[in-house]
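Structural characterization, general
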Amino acid sequence: MKNPHDHQRYAVKELTNLTNEDGSTNHEAMYELIDEVRKMGTVSSPFIVRYHTSAVFDGRFYVMMDVIEGAEFRDVVVARQAEGVHFPDALLVAWIDQLAKGLAHLHDECKLVHQDLHNGNVMITGVKQGCNGTLVTSDASLRGTSVKILDLGLAAFKSDRENRTALRTMR
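From a predicted model like this one, the values you see are computed outputs, not experimental measurements. (Residues numbered from 1 in each chain as written. Predicted model: local features only at pLDDT ≥ 70, side-chain atom pairs only at ≥ 80, totals over all residues. Heavy atoms only, no water.)

Below, the discussion takes up the overall build of the chain. Per the secondary structure count, the chain includes four helices and eleven strands. Per-residue burial over the chain gives 33% buried out of 171 residues. Pairs at least 24 apart in sequence give 67% of the contacts found in the chain among residues at least 6 apart. Accessible surface for the chain amounts to roughly 10,400 Å². Of this, 52% is attributable to carbon and sulfur atoms. (Helix = DSSP H or I, 4+ residues; strand = E, 2+ residues; numbered from the N terminus. Buried < 20%, exposed > 50% of the residue type's maximum accessible area, 1.4 Å probe, protein only. Contact = heavy atoms within 4.5 Å. Areas by Shrake-Rupley, 256 points an atom, 1.4 Å probe, with all protein chains shown as cover.)

Shown next as structure tokens:
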């Protein structure tokens with residue numbers, strides 16, 4: 001989607017349906033999610049997708065976040081396996097380093113624990129599709145790619161030892 005105010009492109013993801021059985025909106029859940037997305041918007045790392053804002057339309061909750069051009073890590077691995085070629089060690093080390101830096105930022109700076117990290121929640125930016133629709137995963141095409149951690153929706157705020165605040169989980 002292109003924002004008419006800043007003319008930037010954003011991805012929009014539907015997180016959950018906030019409609020009660022009687023058709024009314026579950027305002028308590030809505031305000032909790034809005035607050036959680038606001039907190040997620042404070043996460044600022046080159047290795048984590050950036051959340052911008054949220055909205056509720058027809059009882060459904062949506063989040064606006066950065067568009068990530070690339071492919072899920074699992075798809076890159078499957079494409080590479082189909083070619084019968086191993087990843088260069090230096091590339092894997094770079095991706096692991098970026099993943100670790102992103103997780104360290106979530107944990108140390110934002111007091112977040114991802115809780116749902118898997119190869120579908122890690123994007124490799126810069127991966128292109130060939131004209132036949134398959135991913136281009138040659139060594140040369142993977143140079144300059146980087147990791148982005150996605151789907152912070154299941155993240156939980158760490159317990160703050162000083163304030164003894166409770167662990168809060170996004171639903």
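What follows concerns the confidence of the model for the chain. For the chain, the mean per-residue pLDDT works out to 82, and 86% of the residues sit at or above 70. Note on residues 159-171: pLDDT under 50 across the span, and 27 contacts to partners over four residues away in sequence or across chains. (pLDDT = per-residue confidence, 0-100.)

As a further point, take helix α3 (residues 89-109). For α3, built from 21 residues, the straight-helix expectation of 30 Å at 1.5 Å per residue is met to within 8% by its first-to-last C-alpha distance of 29 Å. Among the residues of α3, Leu-91, Trp-95, Gln-98, Gly-102, His-105 and Leu-106 are the ones counted as buried. Buried residues along α3 cover an arc of 100° about the axis, so they all sit on one side. In α3, the exposed positions that point more than 90 degrees away from the buried face belong to Asp-89, Ala-90, Val-93 and Ile-96. Buried residues belonging to α3 abut α2 (73-83), β5 (112-113), β6 (122-125), α4 (139-142) and β9 (146-149). At the exit of α3 stands Lys-111, carrying a positive phi of roughly 60°. (Expected span 1.5 Å × (residues − 1). Arc of directions from axis to C-beta.)

Okay, the packing of aromatic side chains next. Using the criterion set out here, one finds two aromatic pairs in the structure. Each ring, one from Phe-73 and one from Trp-95, has its centre 5.9 Å from the other, and the planes form 85°; the classification is edge-to-face. Remark: Trp-95 occurs in helix α3 and Phe-73 occurs in helix α2; sequence separation between them is 22 residues. In this structure Phe-73 comes out as partly exposed when scored by relative accessible area, which is 24%. The class for Trp-95 is buried, based on a relative accessible area of 4%. Residues Phe-87 and Trp-95 carry aromatic rings whose centres are separated by 5.6 Å and whose planes lie at 65° to one another, so their mutual orientation is edge-to-face. Among the residues examined, Phe-87 registers a relative accessible area of 15% and is labelled buried. One aromatic cluster in this structure is built from Phe-73, Phe-87 and Trp-95. The ring of Phe-87 carries the charged tip of Arg-80 above its face, separated from the ring centre by 5.2 Å. (Phe/Tyr/Trp six-rings, centres within 6.5 Å; stacked < 30°, edge-to-face > 60°. Lys NZ or Arg CZ within 6 Å of the ring centre and 35° of its normal.)

So, about the pairing of strand β3 (residues 60-66). As paired elements, strand β2 (residues 51-57) and β3 share six bridges and run antiparallel to each other. Bridge pairing links Ser-54 to Val-63 in β3. (Pairing = 2+ DSSP bridges.)

For the rest of this paragraph, the subject is the layout of surface pockets. Of the volumes computed, that of the largest pocket is approximately 200 Å³. In this structure, the largest pocket is lined by 13 residues; those nearest its centre are Ala-11, Lys-13, Met-65, Asp-66 and Leu-150. Secondary-structure elements contributing two or more residues to the lining of the largest pocket are β1 (10-17) and β3. The biggest single contributor to the lining of the largest pocket is β1, with three residues. Looking at side-chain class alone, the lining of the largest pocket contains nine nonpolar, one polar and three charged residues. (1 Å grid on protein atoms, 1.4 Å probe; cavity = no way out; pocket = protein on both sides within 12 Å on 5 of 7 lines; lining within 4 Å. Points joined across faces, edges and corners; volume = space filled by probe spheres on them. Nonpolar A, V, L, I, M, F, W, Y, C, P; charged D, E, K, R; others polar.)

All told, the structure shown has four salt bridges when counted by the stated rule. Note that Arg-9 is salt-bridged to Glu-69, the shortest N-O span being 2.3 Å. Linking Arg-9 in the segment before β1 with Glu-69 in the loop between β3 and β4 (70-72), this pair joins segments that are 60 residues apart in sequence. Since its relative accessible area comes to 51%, Arg-9 is described here as exposed. (Salt bridge = Lys/Arg side-chain N within 4 Å of Asp/Glu carboxyl O.)

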